[in-house]
Amino acid sequence: MDALSILIVDDQPEIVEILKHWLCRRGHRVHGLTDPALISDALRGDHYDVLLLDIVMPQANGLSLVSTVRSISPRTRTIVMSGLADEDIAVTAIREGADDVLSKPIDMDRLMQALDYIGSGTYR
Amino acid sequence: MMNSITKKFGLVLMVFTLAGIAALGSFSRLYVRQNEARQSRASARAMMTFAREFNAYVNLIGTEQEKHQASVLDGVQSFESEIQAMKNGGRVGDRDVPAETGEARQVLLEIEQLWPGLKAGLQFIASKPSGAPESAGAILHLRTTSPQITDALKRIMVINAKTREKLQRESTAVLALILLLDAGMILSCLWLAKRRIVAPLVAMETAARRIQAGDFSHRISLNSNDEIGTLAGALNNMSASIQTLLVEKTESAQALAASESRYHLLFDSNPHSLWVYDVETLHFLTVNDATVKLYGYSREEFLGMTIRDICPPKDLGRFSGYLAKESRGFEQSATWPQLKKDGSIIEVEIAPHDVSFGGKRAQLVLVTDVTEKKSLEAQLLRAQRMESIGTLAAGIAHDLNNVLSPIVMAIRLLKEAFPGEKEKMMLATVERSAKRGADLVRQVLTFARGIKGERVAVQFQHVIREVKQIADETFPKTINITTDVAVDLASISGDPTQLHQVLMNLCVTARDAMPDGGALRIAVSNVLLGEDYARTHIDARSGAYVLIQISDSGVGMPANVIDRIFEPFFTTKEFGKGTGLGLSTTLAIVKSHGGFINVYSDYGHGTKFNVYLPVSSTAKPANSQSEQRLPRGRGEYILLIDDEASVRDITTATLEAHGYRVLPANNGAEGIARYAQNKDEIKAVIVDMAMPVMDGPTTIASLRKKNPELPIIATSGLIEDSRLEALESSGAIKAFLPKPCGAEQILTTVRNVLNTVLILT
C-alpha cells in the first residue's frame with residue numbers, strides 16, 4: 001500500500017489525535033485540524049490524497065464542505081465520518097462527492113479497508 | 001218585555017175571562033129573574049088557591065059555611081097581602097115577592113079593581129049567619145066576580161109561564177156561550193202553548209241533544225223575543241261560547257302540543273345524552289335517544305333503573321354526592337366514569353341541573369361522552385412525550401457517541417502498544433463494553449430518527465413461519481405457540497429483516513410476560529380501517545391494513561405501564577436484564593412502515609399487541625429510482641369506468657403519466673357507449689364494481705358480449721366481494737385491483753394483463 005497524505009478534520013481533538021497516531025504508525029503523512037474553517041487554506045497550501053471529514057461539527061455543515069473540497073482540490077478523495085447513524089446523511093454525502101462514509105465510532109478495520117481502496121486506485 | 005209569552009197568555013186569558021164574566025153576569029141576572037118569576041108564580045098559585053077557596057066557600061051552605069068562616073077571613077087577609085106584594089113588591093111569609101111588571105101588572109090591576117067587591121061580599125057573607133037571605137045578593141055577585149079573578153089569575157100564570165120559558169131559553173144560551181168561551185180559551189191556550197212553548201222546547205231539546213253529542217255549531221232558529229226566544233238565544237250563545245272556548249282550547253292544545261313536540265325534539269334528538277332522574281328515589285324518569293345509544297340500555301330498561309346502575313360501584317358514593325349538591329348550571333361539569341350495559345366503562349362529563357318533573361324533585365343531567373376525547377388526549381400526550389424523549393435521547397446519544405468514539409478507536413492503538421496477554425484481555429473487556437455502549441447509542445439514534453430500510457413486497461406468511469420456528473426452538477416448552485394467518489393475506493411493502501425483528505421483539509415480550517408458561521398466539525389478517533377509526537386513533541389513516549395480533553395469557557400490565565412501554569429505556573425487567581429499547585425499536589420500525597401499534601392489556605390476564613401495517617395506499621411514495629422501474633405503457637387505450645371522480649382522475653393521471661391513453665366513463669352505460677365507439681383501439685378495461693346506472697357485473701357481462709377476449713380488470717373497495725369470486729372463477733375478469741391502490745399496483749396489473757394477452761395472441 002502506498003503511503004498517503006491525509007488531512008483529518010474533526011472538532012474532537014481526541015479523535016484527531018488517535019487517528020493521527022494510528023495512521024502515522026502505518027506510514028501515512030497525516031495533518032490534523034479541529035477547525036473546519038482552516039480546511040480551504042490547508043488544501044491550497046498542500047496536496048492531500050485523502051480528507052477524513054467529520055460532518056456534524058458545530059462550526060460548519062460538513063456536507064457543504066464536501067463540494068467545496070472537490071472544487072479546491074479535485075484529486076483529493078473524501079471519507080466522511082458521521083456520528084449520526086443516518087442513511088440519508090450517507091446518501092447525501094455520496095451525492096455531494098464523498099468517496100466513502102464511516103460511522104462513528106470509527107471501525108479501524110473499515111478505515112484501513114477504505115484507505116486500501118484509495119491507495120490501490122479503486123475509486124479512481 | 002213587549003211581547004212576552006206571559007202577556008200573550010195573559011191577553012188571551014183576560015179576553016176570555018172578561019167575556020166569561022160578562023156571560024156569568026147575564027147568567028146571574030137571568031137566574032135572579034127566573035127566581036122572581038118563580039116567586040111570582042108561587043104568589044099567583046097561592047092567590048088561585050085562595051080564589052078557589054072563596055068559590056067553594058060561597059057555594060057552601062049551612063054549618064059548612066060557618067065552619068070555614070074564620071079561614072076565609074084569614075084567606076081574605078092573605079089574598080090582599082099577596083096583591084099588595086105583587087103590586088109593590090114585598091115579603092109574604094117566607095117568600096120575597098117581586099113587583100109585577102108589564103102585562104102581568106095590568107092583569108093584577110084588573111084583579112085589584114075586582115077585589116074590593118069580592119072582599120066586601122065575603123066579609124058580608126061571613127058576618128051573616130049561614131043561609132041568611134040577605135047574603136043571596138052577595139053570593140050572586142061573588143059567583144060572577146070570583147071566576148073573573150080566577151080567570152085573571154090564570155092569565156097571570158100564563159104570562160108568568162111564558163116569562164119563565166123565555167128566561168129558561170136565555171139561560172141555556174148564556175150557558176152555551178160560557179161553554180163556548182171556555183172551549184175557545186182552552187184551545188187558544190193550547191195553540192199558543194204549542195206554537196210558543198212546545199215547538200221551541202222541541203227545538204231546544206234537539207239543540208241540547210246536539211250539544212250533548214258535542215256539536216256546538218248547531219243554532220236554534222227562533223224569531224221570537226219572548227222568554228223562550230230569550231232562552232233559545234241564551235242556549236245559542238252558550239253553544240257559541242262553548243264552541244269558541246273549544247276552538248281556543250283546541251288551538252291552545254295544538255300550540256301546546258307543537259311546543260311540546262318541539263321540546264321533545266330538542267330533548268330526544270339532542271346529540272348529547274340527557275336524562276332526568278328522581279332526586280329522592282334516584283330512579284330514571286326519562287332518557288333521550290343519545291342516552292340509549294351511549295349506555296346501551298333500552299328506554300324501557302332505563303325506566304326500571306336507578307342512577308346506581310350506571311355508576312361503577314367504587315365511585316357510587318362520590319357520584320351521588322356530586323349530583324346531590326346544590327343546584328348548578330350546565331356550565332359546571334365534572335368528569336365521571338360510567339358503566340355501560342355491556343360492562344365497559346366510559347368517561348363522561350356530567351352537568352346536572354335541578355328541575356321539577358311531573359311534580360317530583362328531579363335533576364336534568366347533561367352527559368357528554370369524552371372517552372374518545374380523553375383517549376385522543378392521552379394518545380397525543382404519549383406521542384408528545386415520545387417525541388420529547390426521542391429528542392432528548394438523540395441529544396444524549398450524540399454526545400455519548402462522541403465520548404465513546406475516542407475510547408473505541410484508541411483501544412486498537414493500545415492493543416498494538418500492549419501485546420501482552422493480560423493487557424490484551426483487559427483491553428478486549430474495555431472494547432466490548434465500549435462497543436456495547438456504542439451499539440446502544442446507535443439504537444437510540446435509530447429510534448429517535450426513525451429507521452430506514454429497504455422496501456420490498458413482504459409476504460407475511462414467510463416471516464411468521466420463521467419467527468414461529470425460532471420461538472418453538474428457543475422458548476420454554478410451557479408456552480404453547482399458535483399461529484393463524486389469513487389465506488388471502490395482502491402483501492405489504494417493507495423491510496423483511498426489520499419486520500422479522502418486530503415480530504421477534506413482540507414474541508419475546510410475550511414470553512417474558514409468561515414466566516410460568518401459557519398461550520402465545522400470532523394472528524395475521526386483512527382489515528379495512530374506516531374514517532371513524534382514523535379519527536379516534538391519531539396514528540391511523542383510513543384504508544387497507546395487514547393486522548398482526550400477538551396475544552399472550554401472561555401477567556398483563558397496569559395502565560401506567562402500558563402508557564410507557566414504548567419509551568426508550570423503559571423496562572419493568574430487573575436492572576441489567578433488558579435495555580428497554582426492544583419495544584421502542586419495534587415501534588420505530590412499525591412507524592417507519594407507516595403503521596402503528598395498539599396495546600390492550602388486562603392486568604393479570606394477558607396482553608395483546610395489535611400491529612397495523614398499511615397495505616399500499618399509505619406506503620412510502622415511490623422515489624425516482626423506483627418510479628423508473630414501474631412498467632410503462634406503449635400508447636394503449638384503456639377504458640376506465642368509475643363513478644368516483646377523484647378515483648377516475650388519479651387513475652387517469654397515473655396511467656397517462658406512464659404511457660397509456662385513457663378513455664374515462666362515469667358509469668357502466670357510458671362505458672359501454674365509449675367502448676362501442678372505440679372498439680378497435682381499446683386494449684383493456686378497468687371497471688368499478690359498485691356504480692349507479694349500471695353496476696360492475698352488468699357492465700362486465702355487456703362488454704364480454706361485445707368482445708369475449710377483452711381484458712377486464714375489476715376494482716372494488718370491498719376486499720371480500722362475493723361477486724368478484726364468481727367473476728374471477730368464470731374468467732370474466734383478468735385481474736382485481738383492491739381500492740385504494742397505489743400507482744405501482746395499477747401499472748403492474750395493467751401491464752401484466754396486457755402482457756398475458758400478448759402472449760396468448
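Residues numbered from 1 in each chain as written. Chains lettered and ligands numbered in written order. Predicted model: local features only at pLDDT ≥ 70, side-chain atom pairs only at ≥ 80, totals over all residues. Heavy atoms only, no water.

## As for the overall build of chain B
Okay, so step 1: Scanning chain B from terminus to terminus reveals 22 helices and 19 strands.
Okay, so step 2: Sorting the 761 residues of chain B into buried and exposed places 39% on the buried side.
Okay, so step 3: Here the contacts in chain B between residues at least 6 apart in sequence split such that 65% fall between residues at least 24 apart.
Okay, so step 4: Looking at chain B as shown, the accessible area adds up to about 41100 Å², and 57% of this sits on carbon and sulfur atoms. (Helix = DSSP H or I, 4+ residues; strand = E, 2+ residues; numbered from the N terminus. Buried < 20%, exposed > 50% of the residue type's maximum accessible area, 1.4 Å probe, protein only. Contact = heavy atoms within 4.5 Å. Areas by Shrake-Rupley, 256 points an atom, 1.4 Å probe, with all protein chains shown as cover.)

## Examining the overall build of chain A
Okay, so step 1: Per the secondary structure count, chain A includes five helices and five strands.
Okay, so step 2: For chain A, the succession of helices and strands along the chain, N to C, is β-α-β-α-β-α-β-α-β-α.
Okay, so step 3: Looking at chain A residue by residue over its 124 residues, the buried ones come to 52%.
Okay, so step 4: Taking the intrachain contacts of chain A between residues at least 6 apart in sequence as the baseline, contacts between residues at least 24 apart amount to 64%.
Okay, so step 5: Total accessible area on chain A is roughly 5500 Å²; 47% of this is exposed by carbon and sulfur atoms.

## A word on the packing of aromatic side chains
Okay, so step 1: Scanning the model with the defined rule gives 16 aromatic pairs over all chains in all.
Okay, so step 2: In textbook terms, an aromatic cluster arises when at least three aromatic residues are bridged by ring pairs, as seen for Trp275(B), Tyr277(B), Phe284(B), Tyr295(B), Tyr297(B) and Phe302(B).
Okay, so step 3: In this structure, Arg26(A) is placed above the aromatic ring of Trp22(A), and the distance from its NZ or CZ to the ring centre is 3.6 Å. (Phe/Tyr/Trp six-rings, centres within 6.5 Å; stacked < 30°, edge-to-face > 60°. Lys NZ or Arg CZ within 6 Å of the ring centre and 35° of its normal.)

## Considering the pattern of salt bridges
Okay, so step 1: In this structure the tally under the stated criterion is 31 salt bridges over all chains.
Okay, so step 2: Put simply, Asp99(A) and Arg77(A) hold a salt bridge, and the shortest N to O gap is 3.3 Å. Placement of the pair is Asp99(A) in the loop between α4 (87-96) and β5 (100-103) and Arg77(A) in strand β4 (residues 77-82), with a sequence separation of 22 residues. Accessibility assignment for this pair places Asp99(A) and Arg77(A) in one class, buried.
Okay, so step 3: We note a salt bridge from Arg155(B) to Glu110(B), for which the minimum N-O separation is 2.6 Å. One end of the pair, Arg155(B), is in helix α5 (residues 136-212); the other, Glu110(B), is in helix α4 (residues 102-127), and 45 residues separate them in sequence.
Okay, so step 4: Residue Glu110(B) is classed as partly exposed on the basis of its relative accessible area, which comes to 35%.
Okay, so step 5: The structure contains a network of salt bridges with shared partners spanning Arg382(B), Arg385(B), Asp563(B), Arg564(B) and Glu567(B). (Salt bridge = Lys/Arg side-chain N within 4 Å of Asp/Glu carboxyl O.)

## Let's talk about the confidence of the model for chain B
All names here are of chain B.
Okay, so step 1: For chain B, the average pLDDT comes to 83, and 93% of its residues sit at 70 or higher.
Okay, so step 2: Ignoring residues within four places in sequence, the model shows residues 618-628, a span with pLDDT below 50, making three contacts including any to other chains.
Okay, so step 3: Interface predicted TM-score (ipTM) for the complex: 0.74; the corresponding pTM is 0.44. (pLDDT = per-residue confidence, 0-100.)

## Re the packing of helix α1 (residues 13-25) of chain A against helix α5 (residues 108-119) of chain A
All names here are of chain A.
Okay, so step 1: The contact between α1 and α5 brings their axes to 12 Å, and the two run at 55°. By the criterion of interaxial angle, the relationship of α1 to α5 is oblique. Remark: the crossing between α1 and α5 carries right-handed chirality. On the side of α1, the interface is formed by Ile 18, Leu 19, Trp 22 and Leu 23, while α5 contributes Met 108, Leu 111, Met 112 and Leu 115. (Axes fitted to C-alpha atoms, helices over the stretch in contact; angles between N-to-C directions. Parallel < 35°, antiparallel > 145°, perpendicular 65-115°, else oblique. Left-handed = near helix turned anticlockwise from the far one by under 90°.)

## Overview of the interface of chain A and chain B
Okay, so step 1: Facing 22 residues of chain A, the contacting portion of chain B comprises 18 residues.
Okay, so step 2: Counting each side, the surface lost to burial between chain A and chain B is near 1900 Å², with a carbon and sulfur contribution of 61%.
Okay, so step 3: Applying the counting rule to chain A against chain B returns two salt bridges.
Okay, so step 4: The partner of Glu416(B) in a salt bridge is Arg26(A), with the nearest N and O atoms 2.3 Å apart. (Buried area = accessible area lost by both parts, 1.4 Å probe.)

## So, the sheet that holds strand β12 (residues 543-552) of chain B
Residue and element names in this part refer to chain B.
Okay, so step 1: Reading across the sheet, the five strands line up as β9-β11-β12-β14-β13 and stay open at both edges, with mixed pairing between neighbours. Of all strands in the sheet, those bounded by a partner on one side alone are β9 (479-485) and β13 (596-602). On average, adjacent strands in this sheet sit at an angle of 15° to one another, irrespective of strand direction.
Okay, so step 2: With eight bridges connecting them, β12 and strand β14 (residues 606-614) associate as antiparallel partners. Bridge assignment links Leu 547 to a residue of β14, and that residue is Tyr 612.
Okay, so step 3: Those strands touched by helix α12 (residues 460-474) are β9, β11 (518-529), β12 and β14, and its axis lies near 175° from that of β9. (Pairing = 2+ DSSP bridges.)

## A word on unusual backbone geometry
Okay, so step 1: Across the junction of Lys104(A) and Pro105(A), the peptide omega takes the value -5°, indicating a cis bond.
Okay, so step 2: Position of Pro105(A) among the secondary structure elements: in the loop between β5 and α5.
Okay, so step 3: Phi is positive for Leu282(B), close to 65°, though the residue is something other than glycine.
Okay, so step 4: Turning to its location among the elements, Leu282(B) is positioned in the loop between β3 (273-278) and β4 (284-287).

## Here's the deal with helix α3 (residues 69-88) of chain B
Residue and element names in this part refer to chain B.
Okay, so step 1: The first and last C-alpha atoms of α3 sit 29 Å apart over 20 residues, in line with the 28 Å expected at 1.5 Å per residue.
Okay, so step 2: Buried residues of α3: Val 72, Gly 75, Val 76, Phe 79, Glu 82, Ile 83, Ala 85 and Met 86, and no others.
Okay, so step 3: Among the structural elements, α1 (5-58), β1 (90-92), β2 (95-97), α4 and α5 are those in contact with the buried residues of α3. (Expected span 1.5 Å × (residues − 1).)

## Considering α5(B)
What sets the pattern is the α-helix's 3.6 residues per turn: residues three or four places apart point alike.
Okay, so step 1: Look at α5(B): 108 Å from first C-alpha to last across 77 residues, which is about the 114 Å you get at 1.5 Å a residue.
Okay, so step 2: Immediately downstream of α5(B), the backbone of Gly214(B) shows phi near 100°, a positive value.

## So, a nonpolar patch on the surface
All names here are of chain B.
Okay, so step 1: Taken together, the side chains of Leu 392, Ile 396, Leu 400, Val 403, Ile 407 and Val 430 define a hydrophobic patch exposed on the protein surface, amounting to about 520 Å² of accessible area.
Okay, so step 2: Following the sequence through the fold, Ile 407 ends up in helix α10 (residues 371-417).
Okay, so step 3: A relative accessible area of 36% means that Ile 407 is categorised as partly exposed. (Patch = residues over 30% accessible without salt bridge, like charges linked within 9 Å, V, L, I, M, F, W, Y side chains within 5 Å.)

## A few points about the sheet that holds strand β15 (residues 637-641) of chain B
Residue and element names in this part refer to chain B.
Okay, so step 1: In spatial order, the strands read β16-β15-β17-β18-β19; together these five strands make up an open sheet with parallel pairing. If you trace the sheet from one side to the other, it starts and ends with β16 (661-665) and β19 (735-738), each paired once. Neighbouring strand axes in the sheet, compared pairwise and without regard to direction, differ in orientation by 20° on average.
Okay, so step 2: Of the pairings in the sheet, the one linking β15 to strand β17 (residues 682-688) comprises five bridges and is parallel in character.

## Notes on the packing of α1(B) against α3(B)
All names here are of chain B.
Okay, so step 1: The geometry of α1 relative to α3 is characterised by a closest axis approach of 10 Å and an angle of 150° between their N-to-C directions. On the basis of the axis angle, α1 is roughly antiparallel to α3. Note that α1 runs across α3; the crossing there is left-handed. Note on element contacts: α3 touches α1 through Gln 69, Ser 71, Val 72, Gly 75, Val 76, Ser 78, Phe 79, Glu 82, Ile 83 and Met 86, opposite Ser 40, Ser 43, Ala 44, Ala 46, Met 47, Phe 50, Ala 51, Glu 53, Phe 54 and Tyr 57.
Okay, so step 2: Residues that form the contact of α1 with α3 fall into these classes: 12 nonpolar, six polar and two charged. (Nonpolar A, V, L, I, M, F, W, Y, C, P; charged D, E, K, R; others polar.)

## Observations concerning the pairing of β14(B)
Residue and element names in this part refer to chain B.
Okay, so step 1: Taking burial as the measure, the nine residues of β14 include eight buried ones, the bulk of the element.
Okay, so step 2: Relative to β14, β13 is paired through seven bridges, and the arrangement is antiparallel. By the bridge assignment, Asp 602 is partnered in β14 with Gly 606.
Okay, so step 3: The hairpin turn running from β13 into β14, its antiparallel successor, is three residues long, and Gly 604 in that turn takes a positive phi close to 95°.

## Brief notes about the side chain of Thr76(A)
All names here are of chain A.
Okay, so step 1: Position of Thr 76 relative to the elements: it lies in the loop between α3 (62-72) and β4.
Okay, so step 2: Among the polar contacts listed, one links the side chain of Thr 76 to the side chain of Ser 73, at a separation of 2.5 Å.
Okay, so step 3: Other than its neighbours up to four places away in sequence, Thr 76 contacts Leu 43, His 47, Tyr 48, Asp 49, Val 50, Leu 51 and Val 69. (Polar contact = N/O pair within 3.5 Å; in protein donor to acceptor, adjacent residues only side chain to side chain.)

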